[in-house]
Every structure is written in C-alpha cells, then in structure tokens.
Amino acid sequence: MRKTGDVVLDVRNISLSFGGVRALSDISFDVREHEIRAIVGPNGAGKSSMLNCINGVYQPQQGTIALRGRTFRHMNSRQVAEMGVARTFQNLALFKGMSVLDNLMTGRNLKMRSNLFMQALRLGPAQREESEQRVFVERIIDFLEIQPYRKTPVGRMPYGLQKRVDLGRALAMEPQLLLLDEPMAGMNVEEKQDMSRFILDVNDEFGTTIVLIEHDMGVVMDISDRVVVLDYGRKIGDGSPEEVRNDADVISAYLGTAH
Amino acid sequence: MAFFLETLFGGLMVGMLYSLIALGFVLIYKASGVFNFAQGAMVLFAAMAMARFSEWIPKWLGFDNKVLANVLAFGVALLAMVCVAWVIERLVLRYLVNQEHITLLMATLGITYFLEGFGQTLFGSAIYKIDVGLPKDPVFILENTFAGGVLINKEDLYAAAIAAVLVALLALFFQKTATGRALRAVADDHQAAQSIGIPLGRIWIIVWSVAGFVALVAGVIWGSKLGVQFTLSLVALKALPVVILGGLTSVPGAIIGGLIIGVGEKLSEIYIGPLFGGGIEIWFAYVLALLFLLVRPQGLFGEKIIDRV
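Here the structure is a predicted model, which is why all the values come from computation and not from measurement.

Take the overall build of chain B next. Tallying secondary structure elements over chain B gives 12 helices and two strands in all. Reading chain B from its N terminus to its C terminus gives the helix and strand order α-α-α-α-β-β-α-α-α-α-α-α-α-α. Compactness check: chain B gives a C-alpha radius of gyration of 20 Å against a globular reference of 19 Å for 309 residues, within 12% of the reference. Along the longest, intermediate and shortest principal axes, the C-alpha atoms of chain B span 65 × 60 × 35 Å. The buried share of chain B, taken over its 309 residues, is 47%.

Structural data, given as structure tokens:
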C-alpha cells in the first residue's frame, strides 16, 4: 500500500447537465496526495464528463472543485493546466503532423519564459531555454522507451505507442495531478501491462497524484488505491478495490440484479 | 532562347508574388486549421491603409519626405493589421473554439465582406497608388550570351527578393521556435493544445497578425504594380491554385507552387496559347490545380492525411 497524504483534489456535489440530460448528479469524492484514484462505471456513466469537469472543459452547473484548497468554478483548461493539472485523452488528441519530440516539447510550453521576439531573433536566453527543456523531454522519452521514434510524425506510429506519447506530453508538463482518460483502451494484454508499469512508475518516481478512468477491472484492482464507481451519473460506490468489488450496488450495476 | 528566358523570368517574378499571397493562406491554415477566405480582403485592406496613410501622414505632420512618409505609413498600416487580428480574435474566433472547421471557414467569409466594406468606408473607394520608390526601369542581363540580352524588370527583381527573404524567415519561425511549435500544435488540436496550457487566444492573435503582415507586404508590392483598387482582393483568388498545388500545410509548398503557377501560366500562354486562340493565362492555373486534385489531393508538400477506419 502506498503512503498517501493530504487531500489535493476535493470534488463537492458536482452536477452537470447538457440540456435535459443529466450527466452527473451530486457527485462528491476526494483524491489524496500521491494516490492512484480510479473512476469506473459502465458506458455512459459520466466518467469522462467528471474528468472534463476537473480539467475545466465543462463547467458544472452545481458544486465546487477544490485543487489544493483553491476552489474554482469557472476555469478553462488552460488555467487548470497552469495549476499543475495534465491530462490524456480517451480518443487520442495528439499533434499528428508533428514529431514525438515536438509533441513532448509543446508540453513544456508553460515552463518557457522567453518571449516571441527573443525566439524569433534566436537570442541566447531563448536558445538556452530551448535546450534545457529539451534535456527534460529526452528524459521522458527514455522513460517511456520511445527513443527510436523521436523524429517520427506521431500520426504514423502504432496506436499503442501513440497512447504512450499522449502520456509523455502530459508528463512533460511536470504535473502534480495527472488525469488519464482510459489510458489502456484498445490495447492488447502486453501493451496494457506496459502502460500499467509506466503509470505505477510515474506515481512512484515523480510522486504524481493520478486520477484514472479505466474499463479493465483487473487493471483497476491491481494499480489503484481507491475506486469511485459511477452509474447513470450517480456515485454508487467509493472505497478500496476490495470494498468496491464486494459492494452489492456495484455488482448489480455491472452484472444486473437477480430477479 | 532569349525570349524563352525572358518569359521564364517574368513567370518566376509573378510566381513569387503569388507565393506571397498563398503564404498568408498557409500561415493561418497551419496555425488554426482554418482556410481563411479573408486573406484577399486583408491584402486589399492593408494596401489601402498603406496608400492612404502615406498620403495623409505628411499632410498631418506637415513634412515632405517620401521615404519617411512610406516608413511611417508602413508602420501605421502594420499596426492596423495587428488591430484587425486582435478584433477578429476578440469578436469572432474566441467564440468558435473547438468548433468544426467549416464553421470557422464560414466565419472568415463573413470577415471578408466586413473588411472589404469597412476598408472602403474608412479609406474611400477610389483608385490609389503606392509609390515606395521601387525602380521601374528594366535591365538587360546575359547580353554577352544572347544578342540584345534578356530583359528583366528591376521592380520585379526587388519584389521577388523581398518575398524570398520573407518566406525564408517565416519558415524558420515556424520550424525552429517554441512559439512556432505552439502554432502548429493549435492547428492540429485545439482542445489538446489548451489542455497543455497553450493560450489559444494569444496564438490566434499572433498568427493573424503575421498573416496581416504578409498581406501588407503583398499589398504594397501588388499595389505599387497595379494600383490599389478593389480588384486587388481578386488577386488572392490566384493563390488558391497555388495552395492546392503546393499543399495547404507547407510554407515551402506555397513558394514552389507559386513559382510553378507563375512560370506555367506565362509559358503556356506563349507556347500552347495559340492552339486555343490565346488567353489561357487566365484559366491555366485553375486547370492545373484541378489536375492536381485528381492525382495528388494533398499537394506537392502537404501532409498526407491518413484516416484510420
């Protein structure tokens, strides 16, 4: 069991609807420092909507989200990114025409201080900054074992590796909180094992807190500390993997009730 | 032979100017994935601003120095284009984040009509001239090789040089700087770009300003050749076959495409034109573009889009 710390992300009574469709109703949970927190649930349960609320893509109609004690309601993704939150996407959203290296370098954007004119004139500080960031990005490339693809346009890489690049770009931001939207969707067993290993390593080596959505219950049970279960936009379970697995509501949501 | 070379050079010069306009399209497409219909209107607007301010500024400030007037007018016109970029981001683009590309395309169509009308309201609709002092006299080269030499228009030569330098600088900016990288990132995926903290608004203002700058340079050069009038916005239509040929996503493609179209239409007019009774210069570029669309829709240097099914 990992040592987890204080609450870093506190989600309180979040409700979100699109027109008449209730995507989330009254969801509350918290995420502790250094924790791997999974969000599970059947299709359409509201998992991605929840992640998008935390990420500032959707503005929930009710409720608050507090990040390290700072409450926010109306924030866009960029402001959330500035607060140290990075994410990956369920359906890859990489910069397809750009190389792996460039994709990861964009993740360093917030760390760059030189302005447009310094870059355009190729002044010393801008060049120095670029090579500093490059060193960091190369470390991530090594970490994710994608060295042979450094200069390959991402669009030409196999799917499993693109998922890795997506993770790499998020890691390049040196996030304190990492949101992973189905990092293992569409992967085979071997790729899933690799990805699980990377997620555990990130958590271990960088101390990054991770919130992850995943369908593969085996993986969830293996790597997460605590699990939130959603069904039809409501929270039906919250606790350690064992507790959740034995919860009557959760079992009926997944397997149906006996009549 | 001398005549062939003369035609060839003439084509290259015109082609360089086509490239300059095509570049405006490519810049905005690369950075926001939008085909900017308003590029022609921006060229017209910029050229009108330049023409009128170079006339007004000496009057307002009471001096009589053409170089100074032109420099100041260029500065003010550039400022005007940056303002246009800022207003477009503020009033239009900001509300269209994460929307379909077709929505953005329609928005630029609206911007076209607005800019054309607003420009004429502001600067008047007469024909104005821009005189930046490009030498008009022709020169002869290769006089030793051919009898009578090859005639080249000096003005075209300067214009081509300016265009070439501009193009080289922009290519470097896009490929080698962090901001250039952020611009390309925004083009590929708005949402992902935002999630890693790239400020979309600022990026859009930068790219529309750069496109405005390119429009201004194109407007000044074309304007000093043809005079500043409404038809200037139609020159931009010639840039469409250029981007189809070169590829919408490629800065070098815009240049090569421009040169091919420029040379192609001049040479074809001279050598194949008589077969069709002449006048093929007008439509040659479009036919070429059509053929390209059939054979290689992504253009010579464009990114090949592979959709996984």
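On average, chain A scores 87 in pLDDT, and the residues at 70 or more come to 95%. The least confident element of chain A, judged by mean pLDDT, is helix α4 (residues 116-120) of chain A at 69; the most confident is strand β8 (residues 209-213) of chain A at 94.

Counting 164 residues, the largest nonpolar core has Ala46, Ala47, Met50 and Val207 of chain B as the members making the most contacts within it. It is helix α8 (residues 200-226) of chain B that provides the largest number of residues to this core, a total of 17 residues. Each of domain 1 (1-84 + 175-259) and domain 2 (95-162) of chain A gives at least three residues to this core.

Right, let's talk about the sheet that holds strand β7 (residues 177-181) of chain A for a bit. Residue and element names in this part refer to chain A. Reading across the sheet, the six strands line up as β6-β7-β8-β3-β9-β10 and stay open at both edges, with mixed pairing between neighbours. Each edge of the open sheet carries a strand with a single partner, namely β6 (85-87) and β10 (234-239). Neighbour to neighbour, the strand axes of the sheet diverge by 15 degrees on average, direction disregarded. Note: strand β9 (residues 226-231) against β10, five bridges, orientation antiparallel. Paired with Val227 across the two strands is Gly239, which belongs to β10.

This paragraph deals with the pairing of strand β3 (residues 36-40) of chain A. Residue and element names in this part refer to chain A. The buried fraction of β3 amounts to five of the five residues, a majority that puts the element mostly inside the structure. Both faces of β3 are covered, namely the face carrying Ile36, Ala38 and Val40 and the face carrying Arg37 and Ile39. In this sheet, β8 lies alongside β3 in parallel orientation, the contact comprising four bridges. By the bridge assignment for β8, Arg37 is matched with Val211. In terms of strand pairing, β3 meets β9 through four bridges, oriented parallel. Residue Ile39 lies in a different strand from β9, and its bridge partner there is Val228.

Before going further, it helps to examine the environment of Lys225 of chain B. Within the fold, Lys225 of chain B resides in helix α8. A C-alpha to C-alpha distance of 19 Å links Lys225 of chain B and Leu8 of chain B, two positions 217 residues apart in sequence.

Once that is clear, we can look at the interface of chain A and chain B. On the chain B side, the residues contacting the 29 residues of chain A number 22 residues. Within the residue set of the side of chain A that touches chain B, elements represented by two or more residues are α2 (77-82), β6, α3 (100-106) and α4 of chain A. Of all the elements, α2 of chain A adds the most residues to the side of chain A that touches chain B, at four residues. Partitioning the side of chain A that touches chain B into residue classes produces 13 nonpolar, nine polar and seven charged.

On to helix α3 (residues 66-91) of chain B. All names here are of chain B. Helix length check: α3, at 26 residues, gives a terminal C-alpha distance of 37 Å against a target of 38 Å (1.5 Å per residue), a fit within 8%. Among the residues making up α3, those that are buried are Ala69, Asn70, Ala73, Phe74, Ala77, Ala80, Met81, Val84, Ala85, Ile88 and Glu89. Where the residues of α3 are buried, they touch α2 (39-61), α4 (101-123) and α8.

A few words now on the domain arrangement of chain A. All names here are of chain A. Taken as a whole, chain A is organised into domain 1 (1-84 + 175-259) and domain 2 (95-162). The straight-line distance from the C-alpha centre of domain 1 to that of domain 2 is 29 Å. Taken together, the contacts link six residues of domain 1 with four residues of domain 2. Listed by contribution, the elements that provide at least two residues to the side of domain 1 that touches domain 2 are α2 and α7 (189-206). Split by residue class, the side of domain 1 that touches domain 2 holds three nonpolar, one polar and two charged.

Here we take up the environment of Leu293 of chain B. As for its placement among the helices and strands, Leu293 of chain B is situated in helix α12 (residues 281-295). By the C-beta count within 10 Å, which is 14 here, Leu293 of chain B ends up partly exposed.

This next bit is on the packing of helix α1 (residues 2-32) of chain B against helix α11 (residues 251-271) of chain B. Relative to each other, α1 of chain B and α11 of chain B sit at 140 degrees, their axes nearing to 6 Å. The handedness of the crossing between α1 of chain B and α11 of chain B is right-handed.

Residue and element names in this part refer to chain A. At Asn13, a residue that is not glycine, the phi angle is positive and equals roughly 50 degrees. On the secondary structure map, Asn13 appears in strand β1 (residues 7-18). Residue classification places Asn13 among the exposed residues on the basis of 12 C-beta atoms within 10 Å. The phi torsion at Asp26 lies on the positive side, around 55 degrees, for a residue other than glycine. With respect to the element layout, Asp26 can be found in strand β2 (residues 21-32).

Parts of the model with low pLDDT should not have their predicted coordinates read in detail. Residue and element names in this part refer to chain B. Summing up the model confidence of chain B, the mean pLDDT is 85 and the portion of residues at 70 or higher is 97%. In the model of chain B, strand β1 (residues 138-141) stands out as the element of lowest mean pLDDT, 77, in contrast to α3, which has the highest, 92. Overall fold confidence (pTM) sits at 0.78, and the ipTM for the predicted complex is 0.79.

Parameters at a glance
- Residues numbered from 1 in each chain as written.
- Chains lettered and ligands numbered in written order.
- Predicted model: local features only at pLDDT ≥ 70, side-chain atom pairs only at ≥ 80, totals over all residues.
- Helix = DSSP H or I, 4+ residues; strand = E, 2+ residues; numbered from the N terminus.
- Rg over C-alpha atoms; globule rule 2.2 N^0.38 Å.
- Buried ≥ 20, exposed ≤ 12 C-beta atoms within 10 Å, placed from the backbone.
- pLDDT = per-residue confidence, 0-100.
- Core = buried A, V, L, I, M, F, W, Y, C linked by C-beta atoms within 7 Å.
- Domains from an automatic or database assignment.
- Pairing = 2+ DSSP bridges.
- Axes fitted to C-alpha atoms, helices over the stretch in contact; angles between N-to-C directions.
- Contact = placed C-beta atoms within 7 Å.
- Nonpolar A, V, L, I, M, F, W, Y, C, P; charged D, E, K, R; others polar.
- Expected span 1.5 Å × (residues − 1).
- Left-handed = near helix turned anticlockwise from the far one by under 90°.

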